[in-house]
Structure formats: structure tokens, C-alpha cells
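Per-entry structural report
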Amino acid sequence: MYLGDAAEQFVPLTDPGNVFGWEGTTTADLHIKTNSAGDGVGIIFEGAQA
């Protein structure tokens, strides 16, 4: 599984438990590419409340 932007998914998450910290304006800024169809990803969102 790889994470990145629309142009390139450059952060490899190759093992269970791998973690990636990222800041974006919306979730639409994050793009995920997997090696196999049906691979899953869990995402936890944290953010400031207005």
C-alpha cells in the first residue's frame, strides 16, 4: 500500500502496524494505491474543532 498525492503515491506502508502522519485540507488530498484489489486500509482522523 502506498500513500501520497494525486501525482504520486510515494509513502510505502508494507507491514501491518506501519504508521504515516500527514496534514491535509480535506481527505480528498490523500490518495491510496494498493498492490492487490481488495486490500484494506484503516484511517484515524484527528483535527481541531472550530
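In the block above lies the structure referred to throughout.
Because the structure is predicted, anything quoted here is derived from the model rather than measured. (Residues numbered from 1 in each chain as written. Predicted model: local features only at pLDDT ≥ 70, side-chain atom pairs only at ≥ 80, totals over all residues. Heavy atoms only, no water.)

1. Re the layout of surface pockets
- Roughly 620 Å³ of internal volume is contained in the largest pocket.
- Lining the largest pocket are 24 residues; nearest its centre among them are Leu3, Phe20, Gly42, Ile43 and Ile44.
- Tallied by class, the residues present in the lining of the largest pocket amount to 12 nonpolar, nine polar and three charged. (1 Å grid on protein atoms, 1.4 Å probe; cavity = no way out; pocket = protein on both sides within 12 Å on 5 of 7 lines; lining within 4 Å. Points joined across faces, edges and corners; volume = space filled by probe spheres on them. Nonpolar A, V, L, I, M, F, W, Y, C, P; charged D, E, K, R; others polar.)

2. Notes on the sheet that holds strand 3 (residues 31-33)
- Taken in spatial order, the three strands make up an open sheet running 2-1-3, and their pairing is antiparallel. Both outer strands of the open sheet, strand 2 (11-12) and strand 3, are each paired with one neighbouring strand and no more.
- Here strand 1 (residues 2-4) runs beside strand 3; their pairing, made up of three bridges, is antiparallel. Bridging across to strand 3, Tyr2 finds its partner in Lys33. (Pairing = 2+ DSSP bridges. Helix = DSSP H or I, 4+ residues; strand = E, 2+ residues; numbered from the N terminus.)

Fair warning: the whole summary comes from geometry, so function is off the table for now.
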